[in-house]
Amino acid sequence: MKRLLPLLLSFSLIFALAACGHSDEETSTEEVLTGTVRYMNSDPALQEAWQRIAEAYTADRGVPVEIISSSPDNYMTDLNYALNTGSAPVLFDVHSAAEFRQVQPICKNITGQKVLNQVITNAFSLSKDFIWDATGNYGAVGYSIDSYGILVNRVLLEKAGYHFSDLKDLASLSAAAADIQARAVELGVSSAFSAVESAEFCSNLYNACAFPTLESSGYADPQFLEEVPAKMQGLIDVISANGPGLSSYNDLSSFIQGRTVFCPAEVSDYSAEMENAIGYENVGFIPLYCGTGDEENQGLCTNAIRFWCVNKNASEEDQKAALDFISWVAEEESANDILADDMGICTPFVNAKTPRNPLIAMMNESLATRKNPVVSYLDVGYTG
């Protein structure tokens, strides 16, 4: 995941506590809306697709929508400038808790709004305290999610005599990797593992290894969990002993070309090239096992990478229009088709359409069935 390390919460806690009711503030679908939506989209490559969604919404609801864009490299600078002009956006993106922290004072409290009931969990929302908060106070709702884990070439794994279901914990992964590495020439691979980019991998591994301790310690800040780096060493040793180890880049090419069996990566790394080379059904995805806790129920490291925020300084009419727009996007089939098919975005909406990506299907399965998925919140930046 591009955003470095976050505070984690278990889904069991979140689902047990998350509010489900609508508030009196929620916009009725029958209310006549008179506002205008000015949406500052953070990715100019998605401008045309967002424009089509905007036009469909206007045709359906009669509310004008203006999509404005910015360079990804200068987005927060442009956003902060735009928020202080007479034509400030009423709806805008942030990409992490760190960015949310910069604009949080002007973000509308959206607790109880309809859109929060249209996502599978409020784990992908940010509150005033940047984590799940018993009082709610949500100021950002995640609309694009990603997961990090270990890619597996199922064909090569079975050629080595193992089944995907055999990889259920660090011990089984270590044994399979060591055997494949010892038989590399026989199996026609260069190594069991591809080289892995150190910072991103270590940040996500820290998440995974911190989870059991966080759960038992009342979710203390992970930066104070001094024992976590030692727990990380097990998987780091497995990767280093059975491949090039930690590196300055992620060697996806060796995995795609069939020269390795395992490659730490994220959902968004899946590509047409990977599908053509390995096959849709032949790419697997497993968690970052740490050798501790209930590994058979450990989930993938998942977080939101784009959030919506509503400008509380905008007129009440514009705020209502913006909330209606994002609720419509979350619910409308045609909008979800564009998000999935044209933008390649995996959303946490109840009515989400899944882009053609087997890793997303596995991410959804992890979120739905694993007892201990790892959900990311705060950027605290552990890089090993």
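Overview of the structure. None of the values given here were measured: they were computed from a predicted structure.

### Digging into the overall build of the protein chain
Reasoning step 1: Across its full length, the protein chain holds 14 helices and 12 strands.
Reasoning step 2: Split into buried and exposed, the 384 residues of the protein chain put 55% on the buried side.
Reasoning step 3: Pairs at least 24 apart in sequence give 77% of the contacts found in the protein chain among residues at least 6 apart.
Reasoning step 4: Summed over all atoms, the accessible surface of the protein chain reaches about 15,100 Å², with 49% contributed by carbon and sulfur.

### Let's talk about the side chain of Asn 242
Reasoning step 1: Tracing the chain through its elements places Asn 242 in the loop between helix H9 (228-241) and strand E8 (246-247).
Reasoning step 2: The class of Asn 242 is buried, set by a relative accessible area of 6%.
Reasoning step 3: When neighbours within four sequence positions are excluded, Asn 242 is seen to be in contact with Ala 177, Ala 178, Gln 181, Ser 191, Ala 192 and Phe 193.

### Comments concerning the packing of helix H12 (residues 316-331) against helix H13 (residues 333-342)
The description of two helices packed together rests on the angle between their axes and the distance between the axes.
Reasoning step 1: In the contact formed by H12 and H13, the axes pass within 5 Å of each other and the chain directions differ by 75°. With respect to each other, H12 and H13 are oriented roughly perpendicular. Contact residues: H12 offers Trp 328, Val 329, Ala 330 and Glu 331, while H13 offers Glu 333, Ser 334, Ala 335, Asn 336 and Leu 339.
Reasoning step 2: Tallied by class, the residues present in the contact of H12 with H13 amount to 5 nonpolar, 2 polar and 2 charged.

### Focus on the packing of aromatic side chains
Reasoning step 1: Throughout the structure, instances matching the rule amount to 10 aromatic pairs.
Reasoning step 2: Seen in terms of ring centroids, Trp 50 and Trp 308 are 6.4 Å apart; in terms of plane orientation they differ by 65°. Their pairing is edge-to-face. Of the two residues, Trp 50 sits in helix H2 (residues 47-61) while Trp 308 sits in strand E11 (residues 298-310), which places them 258 residues apart along the sequence.
Reasoning step 3: By relative accessible area, Trp 50 is classed as buried at 0%.
Reasoning step 4: Residue classification places Trp 308 among the buried residues on the basis of a relative accessible area of 1%.
Reasoning step 5: Of the aromatic side chains, those joined through ring pairs into one cluster are Tyr 39, Trp 50, Tyr 57, Tyr 143, Trp 308, Phe 325, Trp 328 and Phe 349.
Reasoning step 6: Sitting over the face of the ring of Phe 164, Arg 154 holds its NZ or CZ atom 4.0 Å from the ring centroid.
Reasoning step 7: Positioned above the aromatic ring of Tyr 280, the side-chain terminus of Arg 356 is 4.3 Å from the ring centre.

### A look at the state of the cysteines
Reasoning step 1: If you walk through the whole model with that rule in mind, you get 1 disulfide.
Reasoning step 2: With no disulfide of its own, Cys 202 lies 10.0 Å from the sulfur of Cys 209, the closest cysteine sulfur.

### Some details on the packing of H2 against H13
Reasoning step 1: One can describe the packing of H2 onto H13 by two numbers: an axis separation of 10 Å at closest approach and a directional angle of 170°. The angle between H2 and H13 falls in the class roughly antiparallel. Contacts between H2 and H13 pair Ala 49, Trp 50, Arg 52 and Ile 53 from the former with Ala 335, Ile 338, Leu 339 and Asp 342 from the latter.
Reasoning step 2: Residues belonging to the contact of H2 with H13 are distributed by class as follows: 6 nonpolar, no polar and 2 charged.

### A short note on the pairing of strand E10 (residues 283-286)
Reasoning step 1: Burial of E10 is two-sided: the residues Val 283 and Phe 285 facing one way and the residues Gly 284 and Ile 286 facing the other way are all buried.
Reasoning step 2: Across 4 bridges, the pairing between strand E6 (residues 138-153) and E10 is antiparallel. Residue Ile 150 lies in a different strand from E10, and its bridge partner there is Ile 286.

### Points about the pattern of salt bridges
Reasoning step 1: Counted under the stated rule, the structure contains 12 salt bridges.
Reasoning step 2: Here Glu 275 makes a salt bridge to Arg 356, at a shortest N to O gap of 2.7 Å. Separated by 81 residues along the polypeptide, Glu 275 in helix H11 (residues 272-278) and Arg 356 in the loop between H13 and helix H14 (358-369) bring together distant segments of the chain.
Reasoning step 3: With a relative accessible area of 19%, Glu 275 lands in the buried category.
Reasoning step 4: Salt-bridge contacts for Lys 320 lead to Glu 316; the nearest nitrogen and oxygen are separated by 3.6 Å. In this pair, Lys 320 and Glu 316 both sit in helix H12, 4 residues apart, roughly one turn of the helix.
Reasoning step 5: When salt bridges that share partners are traced, they join Glu 48, Arg 52 and Asp 342 into one network.

### A closer look at H2
Reasoning step 1: If you check H2, its first and last C-alpha atoms are 21 Å apart, about what 15 residues at 1.5 Å a residue would give, namely 21 Å.
Reasoning step 2: Among the residues of H2, those classed as buried are Ala 49, Trp 50, Ile 53, Ala 54 and Tyr 57. Around the axis of H2, the buried residues are gathered within 140° of arc, so they sit on the same side.
Reasoning step 3: The positive-phi residue at the C-terminal boundary of H2 is Gly 62, with phi of around 75°.

### Here's the deal with the environment of Asp 60
Reasoning step 1: Relative to the elements of secondary structure, Asp 60 occurs in helix H2.
Reasoning step 2: Using a relative accessible area of 48% as the deciding quantity, one classes Asp 60 as partly exposed.
Reasoning step 3: The spacing of Asp 60 and Trp 328 is 268 residues in sequence and 9.7 Å in space, taken between C-alpha atoms.
Reasoning step 4: Polar contacts involving the side chain of Asp 60 include one to the side chain of Trp 328, which spans 2.7 Å.

Basis of the calculations
- Residues numbered from 1 in each chain as written.
- Predicted model: local features only at pLDDT ≥ 70, side-chain atom pairs only at ≥ 80, totals over all residues.
- Heavy atoms only, no water.
- Helix = DSSP H or I, 4+ residues; strand = E, 2+ residues; numbered from the N terminus.
- Buried < 20%, exposed > 50% of the residue type's maximum accessible area, 1.4 Å probe, protein only.
- Contact = heavy atoms within 4.5 Å.
- Areas by Shrake-Rupley, 256 points an atom, 1.4 Å probe, with all protein chains shown as cover.
- Axes fitted to C-alpha atoms, helices over the stretch in contact; angles between N-to-C directions.
- Parallel < 35°, antiparallel > 145°, perpendicular 65-115°, else oblique.
- Nonpolar A, V, L, I, M, F, W, Y, C, P; charged D, E, K, R; others polar.
- Phe/Tyr/Trp six-rings, centres within 6.5 Å; stacked < 30°, edge-to-face > 60°.
- Lys NZ or Arg CZ within 6 Å of the ring centre and 35° of its normal.
- Disulfide = S-S within 2.5 Å.
- Pairing = 2+ DSSP bridges.
- Salt bridge = Lys/Arg side-chain N within 4 Å of Asp/Glu carboxyl O.
- Expected span 1.5 Å × (residues − 1).
- Arc of directions from axis to C-beta.
- Polar contact = N/O pair within 3.5 Å; in protein donor to acceptor, adjacent residues only side chain to side chain.

Function-wise, these values are silent; they only describe arrangement.
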